[in-house]
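An overview of the molecular structure
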Amino acid sequence: MTALLEVRGLHVEIALAAGLLKAVRDVSFSVDRGRTLALVGESGCGKSLTALAVMDLLPPRAQRRAETLRFEGLDLRKARTRRMADLRGNKIAMIFQEPMTSLNPCYTIGNQLEEAMLRHRKVPRKVARDRAVFLLEKVGITAAASRLRQYPHQLSGGLRQRVMIAMGLMCGPAMIIADEPTTALDVTIQAQILSLLASLQKEFQMGLLLITHDLGIVARVADRVNVMYCGQVVESGEVTQIFDNPLHPYTQGLLGCIPIPGKTRPGDYLGSIPGVVPTPIGDMKGCAFRNRCTFLSSACAAEDVALREISSDRAYRCLLSPETCAQNLRGRAK
Amino acid sequence: MSDPMLRIRDLTKTYMVSMGLLKVRRPLRAVNGVSLSVEKGQVLGLVGESGCGKSTIAKLILRLEEMTGGSILLDGKDLSALTRTELARRIQPVFQDPYASLNPRKSVGSIISLPLRVHKVGEAASWKKKVDEIMEIVGLVPRLKHSFPNQLSGGQRQRVAVARALIMRPEIVICDEPTSALDVSVQSQILNLLMDLRRDFGLTYILISHNLAVVEHMASRVAVMYLGRIVEEAETRSIFERPRHPYTRALLASVLTPEPGRGLPETHLGIVYPNPIDPPPGCTFHPRCPEATEVCRQVPPEPLLENGRFVECHHPGN
């Protein structure tokens, strides 16, 4: 079976006055139908640019190149602007973080919901409206028909994000890219929105590319995880592998930073990662994480670290052997 | 028992909200009869959804807003009897967004020393030394003194905000979502710093956060707010082990810990957060409550105090 979305060797570079910013470096992943891949990392790690690169929505100065960029057999590298516009909102839907800024305040909810379907399917307005009502009900919005006449400012944040999801589903996409879909929402609403997204994904067998900084969300929603740092994938694997047996020092460090009720002792020191993320401008040599890494050796600076595959579905980018990494993890737990 | 550091009684804040041209303005009770007390050296966690009034309480304690009713006592003395500067010496805030709370045109040194200048503490010559001291305490390297906020990372900015809050050695620090704008690896650094400072200076914190994992880690007591009222208040451990209010249970259930295989929780909460201008009759939580009965729809629940635990519910769990 071929993957729904396949990305190999994706680079995004932005020319700045200070030099060439290598925002995404050699990122590869694939998303299958009905499966969820999470791209997780801290701000500035390139996760959002990766998504925008797939959608060909990069800012004008950013350049993208890739070995493979394939969606349902279509080579996205060669797709023209027009062809991409046919895909967006049709076959691939995107859900952004801020439902306040991604909905147009001047148009009604109904107008914005119908737009994608009128554009892509050339159906009569009545059909689009019925579909909009059907989907608003599907995402748990009451009095759906009357909501169509409302404007975004009349809805709460949770409702707006539900509208965004309904909008993404209008044309029955094969794939959803969700960029921090619940970051602006309350925890109670977050759980509801994620459950909704997960159940709709199952129902319609969509592929989901989930971009988030929240490891809690990743653990509960994703099937596969790519941990990104400084534009690179530093570790990838199935969700249980990543959380139960993290290999890369960055993944291990990140997991140690989070307080977990019932597991971390209140008042104890939380783990932390010293230092700050370097800006990948100009030539980066060696491991990007080395200056914050507790297991630094001279070899780390000497050469670029390749992604090491230890099985068909598991890889990490570190010079240490898997055994040493596992040992380090046990050391941290003490 | 001695007087608590901070005692809040029946605190109320009502905003008059415009309903449109030519319409009567209507009251919005952002804080509706809140009573709380905080002992010296404690960390009180204040949790709840956005719009529940937790930040309004912070503003009332800082007197950035004037209360409509009730009283706040600091060490037994009424807060309103203190002048602004006296108050600022004793209570200081650390806000959520270190990008917005620091003046972009002032250097770090100048931002941190501002309280000293305002309060005219000691000689101008001694200010420099004090700034150096506090910067070392919060883990900022001295050379950053001449930097501007835009040259700092998010974590560094929040350290500057903490340094500014602490330079007058206040007794109470109100942390309003201190780490929400920060990355996880930086969040843990700031939390560790706040815990160290509390130990070293005997500080009392009021920690406002929507992140319950953070609250569990930091707080000694937790107060859960819903629609302007405290619905449950107890020691952190007992709240997390045996939540009594259905809303507390829902909040706890919705914490997504990084534990794969546990799936997504079902909170059983309806989707609508009620309009605070038109609060539901009876128990304000009843439209979203999975356990609501007839009495909940009609009668507001009475506060119930048992074994140092406070809960406001007709059907509290055990």
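Rules used throughout
- Residues numbered from 1 in each chain as written.
- Chains lettered and ligands numbered in written order.
- Predicted model: local features only at pLDDT ≥ 70, side-chain atom pairs only at ≥ 80, totals over all residues.
- Helix = DSSP H or I, 4+ residues; strand = E, 2+ residues; numbered from the N terminus.
- Rg over C-alpha atoms; globule rule 2.2 N^0.38 Å.
- Buried ≥ 20, exposed ≤ 12 C-beta atoms within 10 Å, placed from the backbone.
- Contact = placed C-beta atoms within 7 Å.
- Core = buried A, V, L, I, M, F, W, Y, C linked by C-beta atoms within 7 Å.
- Pairing = 2+ DSSP bridges.
- Axes fitted to C-alpha atoms, helices over the stretch in contact; angles between N-to-C directions.
- Right-handed = clockwise from strand over helix to strand, strands pointing away.
- pLDDT = per-residue confidence, 0-100.
- Nonpolar A, V, L, I, M, F, W, Y, C, P; charged D, E, K, R; others polar.
- Parallel < 35°, antiparallel > 145°, perpendicular 65-115°, else oblique.
- Left-handed = near helix turned anticlockwise from the far one by under 90°.

Describing the overall build of chain A
Within chain A, the secondary structure is distributed over 13 helices and 13 strands. For a compact globule of 334 residues, the expected C-alpha radius of gyration is about 20 Å, and chain A comes in at 21 Å, within 12% of that figure. For chain A, with 334 residues in total, the buried portion stands at 46%. Across chain A, contacts joining residues at least 24 apart in sequence account for 64% of those joining residues at least 6 apart.

Observations concerning the overall build of chain B
When you go through chain B residue by residue, the secondary structure sums to 10 helices and 12 strands. For 318 residues, the compact-globule estimate of 2.2 N^0.38 gives 20 Å, and the C-alpha radius of gyration of chain B, at 21 Å, lies within 12% of that figure. Overall, the C-alpha framework of chain B stretches about 70 × 50 × 50 Å when taken along its three principal axes. Expressed as a percentage of its 318 residues, the buried residues of chain B come to 47%. A separation threshold of at least 6 residues defines the contact pool for chain B, and within that pool the share at least 24 residues apart is 64%.

Some remarks on the nonpolar core
Nonpolar side chains in soluble globular proteins generally cluster together in the buried interior. Counting residues in each nonpolar core, the largest one holds 188 residues, and the members touching the most others are Val218 of chain A together with Ala163, Ile206, Leu207 and Val224 of chain B. Here the element with the most residues in this core is helix H7 (residues 157-169) of chain A; it accounts for seven residues. Discounting residues that sit within four places of it in the chain, Val224 of chain B has contacts with Val47, Gly48, Ile230, Val231, Glu232, His245, Tyr247, Thr248 and Leu251 of chain B.

As for the sheet that holds strand E11 (residues 232-238) of chain A
All names here are of chain A. With respect to topology, eight strands assemble into an open sheet ordered E7-E8-E9-E3-E10-E11-E13-E12, the strand pairing being mixed. Of all the strands in the sheet, the pair left with one neighbour each is strand E7 (92-95) and strand E12 (308-311). If you compare each strand with its neighbour and ignore which way they point, the axes differ by 20° on average. In terms of strand pairing, strand E10 (residues 224-229) meets E11 through six bridges, oriented antiparallel. Paired with Arg224 across the bridge in E11 is Glu238. This element, H7, spans E7 and strand E8 (175-179) of the sheet and lies at about 170° to E7.

Regarding the sheet that holds strand E2 (residues 26-38) of chain B
The four strands lie next to each other as E2-E1-E4-E5 (chain B), forming an open sheet whose pairing is antiparallel. The two strands at the open ends of the sheet, each matched to only one other strand, are E2 and strand E5 (77-78) of chain B.

Focus on the pairing of strand E2 (residues 19-31) of chain A
Residues and elements named next belong to chain A. In the sheet, strand E1 (residues 5-16) pairs with E2 via nine bridges, with the strands oriented antiparallel. Across the sheet, Val12 pairs through a bridge with Val24, a residue of E2. Hairpin remark: E1 followed by E2, antiparallel, with two residues in the connecting loop.

Some thoughts on the pairing of strand E9 (residues 207-212) of chain A
All names here are of chain A. Buried residues dominate E9, accounting for six of its six residues. By the alternation rule, side chains of E9 split into Gly207, Leu209 and Ile211 and Leu208, Leu210 and Thr212, which are all buried. In the sheet, strand E3 (residues 36-40) pairs with E9 via five bridges, with the strands oriented parallel. When the bridges of E9 are listed, Thr36 appears paired with Leu208. Sheet topology note: the E8/E9 ladder contains five bridges and is parallel. Counterpart to Ile177 in the pairing with E9 is Leu209. Considered for its hand, the β-α-β crossover made up of E8, helix H8 (residues 187-204) and E9 is right-handed.

Overview of the confidence of the model for chain B
The predicted model of chain B averages 91 in pLDDT, with 99% of residues at 70 or higher. The ipTM value of the predicted complex is 0.85, and its pTM value is 0.89.

Considering the interface of chain B and chain A
In many reports, interface size means the accessible area that the parts give up when they come together. If you look at the interface, chain B gives 37 residues, while chain A gives 41 residues. Within the residue set of the side of chain B that touches chain A, elements represented by two or more residues are helix H6 (184-201), helix H7 (212-218), helix H8 (236-241) and helix H9 (246-253) of chain B. For the side of chain B that touches chain A, the element with the highest residue contribution is H6 of chain B, accounting for eight residues. Split by residue class, the side of chain B that touches chain A holds 17 nonpolar, 15 polar and five charged.

Observations concerning the packing of helix H3 (residues 108-119) of chain B against helix H4 (residues 124-137) of chain B
All names here are of chain B. One way to put it is that H3 packs onto H4 with a least axis distance of 10 Å and a crossing angle of 115°. Here H3 lies roughly perpendicular to H4, going by the angle between them. With respect to the hand of their crossing, H3 and H4 are arranged in right-handed fashion. Residues Gly109, Ile112, Ser113 and Leu116 of H3 form the contact with H4, whose participating residues are Trp127, Lys130, Val131, Ile134 and Met135. Of the residues assigned to the contact of H3 with H4, the class counts are six nonpolar, two polar and one charged.

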